[in-house]
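Structural characterization, general
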Amino acid sequence: AQSVTQLDSQVPVFEEAPVELRCNYSSSVSVYLFWYVQYPNQGLQLLLKYLSGSTLVKGINGFEAEFNKSQTSFHLRKPSVHISDTAEYFCAVSDQSGSGGGADGLTFGKGTHLIIQP
Amino acid sequence: GAGVSQTPSNKVTEKGKYVELRCDPISGHTALYWYRQSLGQGPEFLIYFQGTGAADDSGLPNDRFFAVRPEGSVSTLKIQRTERGDSAVYLCASSSRGHTEAFFGQGTRLTVV
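Residues numbered from 1 in each chain as written. Chains lettered and ligands numbered in written order. Predicted model: local features only at pLDDT ≥ 70, side-chain atom pairs only at ≥ 80, totals over all residues. Heavy atoms only, no water.

**Quick notes on the confidence of the model for chain A**
- Predicted confidence across chain A gives a mean pLDDT of 91, with 94% of residues reaching 70 or more.
- Note on residues 99-103 of chain A: pLDDT under 50 across the span, and 23 contacts to partners over four residues away in sequence or across chains. (pLDDT = per-residue confidence, 0-100. Contact = heavy atoms within 4.5 Å.)

**Here we look at the packing of aromatic side chains**
- Using the criterion set out here, one finds 13 aromatic pairs over all chains in the structure.
- Consider the rings of Tyr36 of chain A and Phe108 of chain A, whose centres lie 5.9 Å apart with planes at 55°: the pair is tilted. Of this pair, Tyr36 of chain A sits in strand E5 (residues 31-38) while Phe108 of chain A is found in strand E11 (residues 107-108), placing the two residues 72 residues apart along the sequence. As far as burial versus exposure is concerned, Tyr36 of chain A and Phe108 of chain A are alike and both buried.
- Each residue in the set Phe34, Tyr36, Phe90 and Phe108 of chain A together with Tyr33, Tyr35, Phe45, Tyr48 and Phe104 of chain B is aromatic and connected to the rest through ring pairs, giving one cluster. (Phe/Tyr/Trp six-rings, centres within 6.5 Å; stacked < 30°, edge-to-face > 60°. Helix = DSSP H or I, 4+ residues; strand = E, 2+ residues; numbered from the N terminus. Buried < 20%, exposed > 50% of the residue type's maximum accessible area, 1.4 Å probe, protein only.)

**A short note on the state of the cysteines**
- Summed over all chains, the structure comprises two disulfides over all chains.
- A disulfide bridge connects Cys23 of chain A with Cys91 of chain A, and the sulfur atoms are separated by 2.0 Å. Disulfide Cys23 of chain A-Cys91 of chain A: the torsion about the S-S bond is -65°, which places it as left-handed. With a gap of 68 residues between them, Cys23 of chain A in the loop between strand E3 (19-21) and strand E4 (24-27) and Cys91 of chain A in strand E10 (residues 87-95) connect regions that are remote in the sequence. The residues Cys23 of chain A and Cys91 of chain A share a single accessibility class, namely buried.
- With a sulfur-sulfur separation of 1.8 Å, Cys23 of chain B is cross-linked through a disulfide to Cys92 of chain B. (Disulfide = S-S within 2.5 Å.)

**So, the sheet that holds strand E7 (residues 65-68) of chain B**
Residue and element names in this part refer to chain B.
- Pairing is antiparallel in the open sheet, where four strands are placed in the order E1-E3-E8-E7. Either end of the sheet is taken by a strand with one partner, and the two such strands are strand E1 (5-7) and E7. Looking at each pair of strands side by side, their axes are set apart by 15° on average, direction ignored. (Pairing = 2+ DSSP bridges. Axes fitted to C-alpha atoms, helices over the stretch in contact; angles between N-to-C directions.)

**Focus on unusual backbone geometry**
- The omega torsion of the bond from Thr7 of chain B to Pro8 of chain B falls at -10°, within 30 degrees of zero and hence cis.
- Mapping Pro8 of chain B onto the fold places it in the loop between E1 and strand E2 (10-13).
- Unlike most non-glycine residues, Glu16 of chain A shows phi in positive territory, near 75°.
- Within the secondary structure layout, Glu16 of chain A lies in the loop between strand E2 (10-14) and E3.

**Structural notes on the layout of surface pockets**
- Its volume calculated, the largest pocket comes out at about 650 Å³.
- Contributing elements (two or more residues each) for the lining of the largest pocket: E10 of chain A together with strand E9 (88-95) and strand E11 (108-112) of chain B.
- Counting residues per element, the lining of the largest pocket draws most heavily on E11 of chain B, at four residues.
- Residues of the lining of the largest pocket, tallied by class, amount to eight nonpolar, 16 polar and three charged.
- Approximately 360 Å³ is the volume attributed to the second largest pocket.
- In this structure, the second largest pocket is lined by 20 residues; those nearest its centre are Gly105, Leu106 and Thr107 of chain A together with Phe45 and Asp56 of chain B.
- Those elements that provide at least two residues to the lining of the second largest pocket are E10 and E11 of chain A together with strand E5 (44-50) and strand E6 (53-56) of chain B.
- With three residues, the single largest contributor to the lining of the second largest pocket is E5 of chain B.
- For the lining of the second largest pocket, a count of residues per class yields six nonpolar, nine polar and five charged. (1 Å grid on protein atoms, 1.4 Å probe; cavity = no way out; pocket = protein on both sides within 12 Å on 5 of 7 lines; lining within 4 Å. Points joined across faces, edges and corners; volume = space filled by probe spheres on them. Nonpolar A, V, L, I, M, F, W, Y, C, P; charged D, E, K, R; others polar.)

**Some thoughts on the pattern of salt bridges**
Residue and element names in this part refer to chain A.
- In this structure the tally under the stated criterion is nine salt bridges over all chains.
- Arg77 is the partner of Glu66 in a salt bridge, and the nearest nitrogen-oxygen pair spans 3.5 Å. Of this pair, Glu66 sits in strand E8 (residues 64-68) while Arg77 sits in strand E9 (residues 73-78), and the two are 11 residues apart along the sequence.
- One salt-bridge network, in which partners are shared between bridges, spans Glu20, Glu66 and Arg77. (Salt bridge = Lys/Arg side-chain N within 4 Å of Asp/Glu carboxyl O.)

Spelled out as structure tokens, the structure:
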């Protein structure tokens, strides 16, 4: 079984400032890691994913995340945020041994609401 | 279709009634997932289909919840004797076998009054 902790329920940031959204996970097996974004009244959209290889993963809209196995973390960062980044961000994990190649049964955190202040 | 389609987008029902929520996955996607997202929470896994069969239904909360995918494409989530606690957004996602990205629909917002 896995669990995901997003420590911050809300993160207010000024426009053009950098941001980091924190994610820690717990698992007894190897996992794949994901960040999803949910804009108001829209479905979940994949921002980026870590499967293997380089621990620094780049995604859409200028976001990146770094996998740290020793700290079991997968924090999301953006060097300069825009008002359009206002959304709910979810960190998720899945079991690497899943028969579907890793997209099985995602376990999500509770989400972090990123609020961009002008 | 171009994306995962869920109908209806909103459903209001009375306590004790039966409801069906429909998911039409991306064409060709063999894997289909149902999640439930309560207010202020992340999505919670309910059930996973690979083809027509439920490969993992460990997330279904009780026997009032049931899901089918008879032809390996469209899926229906069925909830019997609805309770106010069932109110949530029900999300469907699909993916290609062996692929690691699940594509989500916009969800069905279920309100039990």
